[in-house]
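# Architecture and fold: a report
Here is what each chain is made of, one letter per residue.
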Amino acid sequence: MEVLGGPPDDPQRIGARYRFTACRHHSCDEKGAAVLEPDGRVVATAILHTRCLEPKPPGGCSDHAVLTLFVRNPAREAPVIENLTAWAKGEMLRYETLERVEVYAAGDGAPKRVSVTMLAHE
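Here's a quick rundown of the structure. Since this is a predicted model, take the numbers as computed values, not measurements. (Residues numbered from 1 in each chain as written. Predicted model: local features only at pLDDT ≥ 70, side-chain atom pairs only at ≥ 80, totals over all residues. Heavy atoms only, no water.)

## Things to note about helix H1 (residues 78-90)
Put simply, the test is: Secondary structure counts use DSSP, requiring at least four H or I residues in a row for a helix and at least two E residues in a row for a strand, with both numbered from the N terminus. Take the residue count of a helix, subtract one, and multiply by 1.5 Å to get its expected span. Remark: exposure states derive from per-residue accessible area (1.4 Å probe, protein chains only) relative to the maximum for the residue type, with buried under 20%, exposed over 50%, and partly exposed in between. The arc refers to the directions leading from the helix axis to the C-beta atoms. Two residues qualify as a contact provided that any one of their heavy atoms is within 4.5 Å of a heavy atom in the partner residue.
Here H1 contains 13 residues, and its C-alpha end-to-end distance of 18 Å stays within 8% of the 18 Å for a straight helix at 1.5 Å per residue. Inspection of H1 places Val80, Ile81, Leu84, Thr85, Trp87 and Ala88 among the buried residues, and these make up the whole buried set. Buried residues of H1, viewed axially, fall in a sector of 160 degrees; they line one side. Relative to its buried face, H1 has exposed residues pointing more than 90 degrees away, namely Pro79, Glu82 and Gly90. Residues of H1 that are buried in the fold lie against strand E2 (17-24), strand E3 (27-36), strand E4 (42-50), strand E5 (64-71) and strand E6 (97-105).

## Details of the nonpolar core
Put simply, the test is: Nonpolar cores were defined as sets of buried Ala, Val, Leu, Ile, Met, Phe, Trp, Tyr and Cys residues, with membership established by side-chain atoms within 4.5 Å.
Counting residues in each nonpolar core, the largest one holds 20 residues, and the members touching the most others are Leu67, Leu69, Leu84 and Trp87. Those elements that place two or more of their residues in this core are E3, E4, E5, H1 and E6. Per element, the largest residue contribution to this core is five residues, and it comes from H1. Here Leu84 is in contact with Arg19, Ala33, Val35, Ala44, Ala46, Leu67 and Leu69, once residues within four sequence places are set aside.

## So, the sheet that holds E6
The strands making up a sheet associate through backbone hydrogen bonding, with each pair oriented either parallel or antiparallel. The following threshold applies: We treat two strands as partners when DSSP finds at least two bridges between them. To get an axis, fit a line to the C-alpha atoms, keeping to the stretch in contact for a helix; angles then go from 0 to 180 degrees between the N-to-C directions.
Spatial ordering of the open sheet is given by E1-E2-E3-E4-E5-E6-E7, a layout of seven strands whose pairing is mixed. In this open sheet, the two edge strands, each paired with only one partner strand, are strand E1 (12-14) and strand E7 (112-118). For this sheet, the mean angle separating the axes of adjacent strands, direction not counted, is 20 degrees.

## Overview of the side chain of Arg51
Heads up, the rule is: For the purposes of these results, a polar contact is taken to be a pair of N or O atoms within 3.5 Å, where, inside protein, one atom must be able to donate a hydrogen and its partner to accept one; residues adjacent in sequence count only when each atom of the pair is a side-chain atom.
Within the element layout of this structure, Arg51 appears in the loop between E4 and E5. On the basis of relative accessibility, which here comes to 8%, the residue Arg51 falls in the buried class. There is a polar contact of 2.4 Å between the side chain of Arg51 and the side chain of Glu99.

## A short note on the environment of Leu67
In this structure, Leu67 sits in strand E5. The exposure class of Leu67 is buried, given its relative accessible area of 0%. Leu67 sits 56 residues away from Pro11 along the chain, and the two C-alpha atoms are 19 Å apart. Among residues more than four places away in sequence, those in contact with Leu67 are Ala46, Ile47, Leu48, Leu84, Thr85, Trp87, Ala88, Leu98, Arg100, Val101 and Glu102.

## Structural notes on the pattern of salt bridges
What counts here: Any Lys or Arg side-chain nitrogen found within 4 Å of a carboxyl oxygen on Asp or Glu counts as a salt bridge.
If you walk through the whole model with that rule in mind, you get twelve salt bridges. The shortest N-O distance in the salt bridge between Glu77 and Arg17 comes to 2.6 Å. Residue Glu77 is located in the loop between E5 and H1, and its partner Arg17 is located in strand E2; the two are separated by 60 residues in the primary sequence. For the pair Glu77 and Arg17, a shared accessibility class is recorded, and that class is buried. A salt bridge links Arg113 to Glu102; its shortest N-O distance comes to 3.8 Å. Remark: Glu102 occurs in strand E6 and Arg113 occurs in strand E7; sequence separation between them is eleven residues. By relative accessible area, which is 47% here, Arg113 ends up partly exposed.

Below, the structure is given as structure tokens:
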């Protein structure tokens, strides 16, 4: 949730749902998103981050972005995953490359990675 603590962007609609985005307070190199149902239930959250904290980060790691998504039901939420990926690509002025999109199923409280889409190579 810390990546949603800084200046917010205007909310956007994804059908009947709402996408809220912001950046980390005092560190807008990291951005976050939350997609909510009209009744406030969380559908998905996302973090657009660098690879600098990985065990073996690439050189210039702050230029290499990863989008990590936590989705309540990934099998049913392709439009939300597509929307958040498009949002991340729109934020690429901050980074050189968006390398991958990681999707975690988070509906039961124990996130499990269900897919990784490689978008760019080192």
